[in-house]
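Residues per chain, in single letters:
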Amino acid sequence: MGCGDLESVPEVRHGLREMLGQWGSRGTADVAELLASELVTNALIHTDHGAVVTATVGSETLRVEVRDFVEGFPEPSAARPEARHEADLLDTHGRGLALVQSLADSWGVRTQHAGKVVWFELNALPSP
């Protein structure tokens, strides 16, 4: 993914859609795309650098990790992302992590040497 290139967010969505194929239900795949888009967008906007997306599909669980890069910092950023619960519904910013928190079965943040990984997991729902 290009350095701070928001145009690559649809590429992530498309790649995830292809990867999921017949996994879970259509609704679960839609949620996965939405949440991955939110995390990638956050990484690109808040670090102004690139992001690496890793998705692992199991028989019952999907795990998506978005690793951001904070170049020039020898230690990981101490700033952990937090969901804003008071975000105005008409506001175009500040709702991404609230969506992750409410739609993912689990999620979290792990700091690394240069940046952090924000991840979420979804449990597969049976296809109708």
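Just so we're clear, the structure is a prediction, and the values are computed from it rather than from any experiment.

Looking now at the pattern of salt bridges. Taken as a whole and assessed by the stated rule, the structure comprises 7 salt bridges. The partner of E33 in a salt bridge is R13, with the nearest N and O atoms 3.6 Å apart. Of this pair, E33 sits in helix α2 (residues 26-47) while R13 sits in helix α1 (residues 9-20), and the two are 20 residues apart along the sequence. Taking relative accessible area as the criterion, E33 reaches 9% and is therefore assigned buried.

Below, the discussion takes up the nonpolar core. Counting residues in hydrophobic clusters, the biggest one holds 24 residues, and the most contacted among them are F120 and L122. No other element matches the 8 residues that α2 contributes to this core. Residues in contact with F120, not counting those within four places in the same chain, are A32, L35, A36, L39, L62, R63, V64, V100, A104, S106 and W107.

What follows concerns helix α3 (residues 96-103). All of the buried residues along α3 are G96, L97 and V100. The buried residues of α3 occupy one face: seen down the axis, they fall within an arc of 95 degrees.

Moving on: the packing of α1 against α2. Between α1 and α2, whose axes approach to 9 Å, the crossing angle comes to 150 degrees. Comparing their axes, α2 and α1 come out roughly antiparallel. Like other packed secondary-structure pairs, α1 and α2 cross with a definite hand, here right-handed. Of the residues in α2, those in contact with V9, V12, R13, L16, R17 and L20 of α1 are R26, A29, D30, A32, E33, L34, A36, S37, V40, T41 and L44. For the contact of α1 with α2, the per-class residue count stands at 10 nonpolar, 2 polar and 5 charged.

The rules behind each value
- Residues numbered from 1 in each chain as written.
- Predicted model: local features only at pLDDT ≥ 70, side-chain atom pairs only at ≥ 80, totals over all residues.
- Heavy atoms only, no water.
- Salt bridge = Lys/Arg side-chain N within 4 Å of Asp/Glu carboxyl O.
- Helix = DSSP H or I, 4+ residues; strand = E, 2+ residues; numbered from the N terminus.
- Buried < 20%, exposed > 50% of the residue type's maximum accessible area, 1.4 Å probe, protein only.
- Core = buried A, V, L, I, M, F, W, Y, C linked by side-chain atoms within 4.5 Å.
- Contact = heavy atoms within 4.5 Å.
- Arc of directions from axis to C-beta.
- Axes fitted to C-alpha atoms, helices over the stretch in contact; angles between N-to-C directions.
- Parallel < 35°, antiparallel > 145°, perpendicular 65-115°, else oblique.
- Left-handed = near helix turned anticlockwise from the far one by under 90°.
- Nonpolar A, V, L, I, M, F, W, Y, C, P; charged D, E, K, R; others polar.

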